[in-house]
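The chain contents come next:
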Amino acid sequence: MAQIWMTYDELATLCECSSSEARLRAIHLSLDRRKSRDGATRVKLDLALTAKFFASVRESDFDLDSAIEALQATHRQMAELLAPNEVHRRGVA
């Protein structure tokens, strides 16, 4: 199983609560906590929180796919506008 470590702010975003509430939740759930080299305390997610994290990533991928499709459509439209048309090319030759 993957280990996911989050700061209290990241955990708060995942759980839709404040950072202090995320800290209390981590204590209540007896999650492993460690101080990292950057000085931030990180919490190791348990199985339920890891599943919630992966579900949130899957949901965001759907939006990412839509954004990629929109970007590709815009690229095609711009390429069509910038491409010389057939009439112009024949006159140059």
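Just above sits the structure.
A quick note: this is a predicted structure, and the numbers were derived from the prediction, not measured.

A. Molecular detail of the pattern of salt bridges. Scanning all chains against the criterion turns up one salt bridge. The closest approach of N and O atoms between D38 and R42, which form a salt bridge, is 3.2 Å. Residue class for D38 comes out exposed when judged on its relative accessible area of 54%.

B. Expanded view of the packing of aromatic side chains. In the structure shown here, the tally under the stated rule is one aromatic pair. Ring geometry for F53 and F54: centres 5.7 Å apart, planes at 55 degrees, overall tilted.

C. Looking closely at helix α1 (residues 8-15). What α1 keeps buried is the set Y8, L11, A12, L14 and C15. For α1, the arc enclosing every buried residue in end-on projection is 160 degrees, short of the 170-degree limit, so these residues lie on one face. Exposed residues on α1 whose side chains face more than 90 degrees from its buried face are D9 and T13. The positive-phi residue at the C-terminal boundary of α1 is E16, with phi of around 55 degrees.

D. Quick look at a negative patch on the surface. A cluster of acidic residues, E59, D63, D65 and E69, forms a negative patch on the protein surface. Its location among the elements puts D65 in helix α3 (residues 47-82).

E. View of the sheet that holds strand β3 (residues 41-44). With respect to topology, three strands assemble into an open sheet ordered β1-β3-β2, the strand pairing being antiparallel. The two strands at the open ends of the sheet, each matched to only one other strand, are β1 (5-7) and β2 (33-35). Within this sheet the neighbouring strands show an average axis-to-axis angle of 35 degrees, counted without direction. By the bridge criterion, three bridges tie β2 to β3 in an arrangement that is antiparallel. What sits directly across from R34, in β3, is R42. Its contacts with the sheet place α1 against β1, β2 and β3, and it is angled at close to 95 degrees to β1.

F. Here's a closer look at the packing of α1 against helix α2 (residues 19-28). Close contact between α1 and α2 brings their axes to 8 Å; oriented N to C, the two are set at 95 degrees. Classed by the angle they form, the pair α1 and α2 counts as roughly perpendicular. Contacts between α1 and α2 involve Y8, D9, L11, A12 and C15 from the former and S19, A22, R23, R25 and A26 from the latter. Class assignment of the residues belonging to the contact of α1 with α2 gives a composition of six nonpolar, one polar and three charged.

Scoring rules and cut-offs
- Residues numbered from 1 in each chain as written.
- Predicted model: local features only at pLDDT ≥ 70, side-chain atom pairs only at ≥ 80, totals over all residues.
- Heavy atoms only, no water.
- Salt bridge = Lys/Arg side-chain N within 4 Å of Asp/Glu carboxyl O.
- Buried < 20%, exposed > 50% of the residue type's maximum accessible area, 1.4 Å probe, protein only.
- Phe/Tyr/Trp six-rings, centres within 6.5 Å; stacked < 30°, edge-to-face > 60°.
- Helix = DSSP H or I, 4+ residues; strand = E, 2+ residues; numbered from the N terminus.
- Arc of directions from axis to C-beta.
- Patch = residues over 30% accessible without salt bridge, like charges linked within 9 Å, V, L, I, M, F, W, Y side chains within 5 Å.
- Areas by Shrake-Rupley, 256 points an atom, 1.4 Å probe, with all protein chains shown as cover.
- Lys, Arg positive; Asp, Glu negative; His and termini not counted.
- Charge placed at Lys NZ, Arg CZ, Asp CG, Glu CD.
- Pairing = 2+ DSSP bridges.
- Axes fitted to C-alpha atoms, helices over the stretch in contact; angles between N-to-C directions.
- Contact = heavy atoms within 4.5 Å.
- Parallel < 35°, antiparallel > 145°, perpendicular 65-115°, else oblique.
- Nonpolar A, V, L, I, M, F, W, Y, C, P; charged D, E, K, R; others polar.

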